[in-house]
Amino acid sequence: MNKHIRQGLLSLAIASTVLAGAPAPAWAAAKITIMVGGINKMVYLPAKLAEQLGYFKEEGLDVELQSQPAGVDAENELLAGAVQAVVGFYDHSIDLQTKGKEITAIVILGQVPGEVELVSTKAAPHFQSMADAKGKTLGVTGLGSSTNFLTQYLASRHGITSKQFSVLPVGADNTFIAAMKQGRIDAGMTTEPTASQLLKTGDAQVLVDLRTVEGTVKALGGLYPASSVYVQRSWLNSHKEDAQKLARAFVKTLRFIQTHTAEQIADKMPKDYYGNNKPLYIQALTNSLPMYSQDGKMPKGGPQTVLAVLSGFNPNVKGKHVDLSKTYTDEFVNAVK
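Calculation criteria
- Residues numbered from 1 in each chain as written.
- Predicted model: local features only at pLDDT ≥ 70, side-chain atom pairs only at ≥ 80, totals over all residues.
- Heavy atoms only, no water.
- Buried < 20%, exposed > 50% of the residue type's maximum accessible area, 1.4 Å probe, protein only.
- Helix = DSSP H or I, 4+ residues; strand = E, 2+ residues; numbered from the N terminus.
- Contact = heavy atoms within 4.5 Å.
- Domains from an automatic or database assignment.
- Buried area = accessible area lost by both parts, 1.4 Å probe.
- Salt bridge = Lys/Arg side-chain N within 4 Å of Asp/Glu carboxyl O.
- Polar contact = N/O pair within 3.5 Å; in protein donor to acceptor, adjacent residues only side chain to side chain.

Enquirer: Before we go on, may I ask you to explain helix H2 (residues 45-52) in this structure?
Expert: An α-helical turn contains 3.6 residues, so any two residues separated by three or four positions project in the same direction. Extensive coverage of H2 is indicated by the burial of six of its eight residues. Taken together, the buried positions of H2 are occupied by Leu45, Pro46, Ala47, Lys48, Leu49 and Ala50. After H2 finishes, the residue Gly54 shows a positive phi value of roughly 80°.

Written as C-alpha cells, this is what we have:
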C-alpha cells in the first residue's frame, strides 16, 4: 500500500470516528507545577483560590500546586528544576541574583508582607517593641526565609544586631503556635490565619503589623512587595505563552479578591482551610485583604525598599550590585485586559 493510499484511509477513519459521535482528540493542557511556600498561609491564598475558581483551567493550563513550609525550601525546588514556578516572597529574586541565579517575579500578589511579629503574652511585659529584642528568642519559618530577613531588619532599625538575639526556625501554623505556647520563643513572625488564632486565645499580642500599607511603611520605610509568582529566567524566555497564561489567571484572581467580601472568598476555599472555625478564618481574611495587590504590578519604589532591607544585614546582598530590573517584570500583567 503506497503512502498516499495510507494517508487517505487514515483521514477517512478519523472522519468516520467524528461522524459517529466519538469525541475528537483534545490537545493536552500545559503541565506546570507550582511550589507554594506554605499553601495554607493567607499571604499565598491567591494560588489556591485561582485553582478553586478554575482560572488555571480556563487558560488551558494543567497546574499542580505543591507546598513547602518555608519559602527558602520552595526556592530550592525551583532551582533544582523540580517545579516551574514558585509562589513565594519577591525578596528571593534579589537574594538569588547575588548568587548568580536569574529569578524573575512575573506577578506581585502582595504589596506588603502580610506578616505579623507577635510577642507571647508571657513575654509582653518586658518586650514592648523590637528595641527589646536583645537576649530574646525570635521565631521564624526557616533560616534564610523572608521572615528571617524581616525579623533581623526590624531589630536592626532599633540598633539590635543579629548576634544579640537568637533565631529559632519553627515553621508555620500549628508548629508556630506550639512553639509560642510552650515558651520556646518569646516572639515570632507569622501570617494569617495563625496570627488570629493566637490573638483570639490570648497567647500573643501584636508587636509589629505588616498586614497593612500604613503599618508596613511605618516599620520598613516604604511598600514591601512580598508574595509573588516567580520563575527562572531561562524558563521564562522559552515559555512566554505559559507565563502569560499564568499572569492572566492570577490577575483575574486578584480582581476577584478586590470585588468580593472575605466571607465570599472563604466560601470558595476548601473546608480544611478553615476547619471547624470558619468565622475565625473570615476574620483573619478580613485583616489580610489590604495586603493584596489590585493588579499584580510591582508597586512604585517597592524593589528599592526590599533591597534596602536585605542590604542592611544579608551578607549575600550587602555591598553587591543588584540589577533590580531583572528581578521582576510587569510585561505579562500589563498585557492582561
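Enquirer: For this particular structure, what's the right way to read the environment of Glu115?
Expert: Tracing the backbone shows Glu115 in strand E5 (residues 115-120). A residue is classified by how much of its surface remains accessible, and Glu115, at 4% relative accessible area, is buried. Taking the C-alpha atoms as reference points, Glu115 and Leu280, separated by 165 residues in sequence, lie 17 Å from one another. Look past the residues within four positions of Glu115 in its chain and what remains in contact with it is Phe89, Thr147, Leu150, Met189, Thr190, Thr191, Val208, Asp209, Leu210 and Arg211.

Enquirer: Just checking my understanding: could you explain unusual backbone geometry for this structure?
Expert: Trans is the common state for peptide bonds, and a negative phi is the common state for residues other than glycine. Residue Pro193 follows Glu192 across a cis peptide bond; omega there is 5°. Tracing the sequence through the fold places Pro193 in the loop between strand E8 (187-190) and helix H8 (194-201). A positive phi angle, near 55°, is found at Asp173, a position not held by glycine.

Enquirer: Teacher, can you tell me more about the domain arrangement of the chain here?
Expert: Often the size quoted for an interface is simply the accessible area lost on bringing the parts together. If you check the domain split of the chain, you get domain 1 (32-113 + 224-283 + 293-335) and domain 2 (115-210). Using C-alpha coordinates to define each centre, domain 1 is positioned 23 Å away from domain 2. Taken together, the contact between domain 1 and domain 2 spans 22 residues of the former and 20 residues of the latter. For the pair domain 1 and domain 2, the summed buried area comes to about 1,800 Å², and 71% of that belongs to carbon and sulfur atoms. Contact with domain 2 buries surface across domain 1, with Pro113, Leu280 and Phe313 losing the most and accounting together for 30% of the total. Where domain 1 touches domain 2, the interface holds zero salt bridges. Linking domain 1 with domain 2 are two residue pairs in polar contact (both at pLDDT 80 or more), by the criterion used here.

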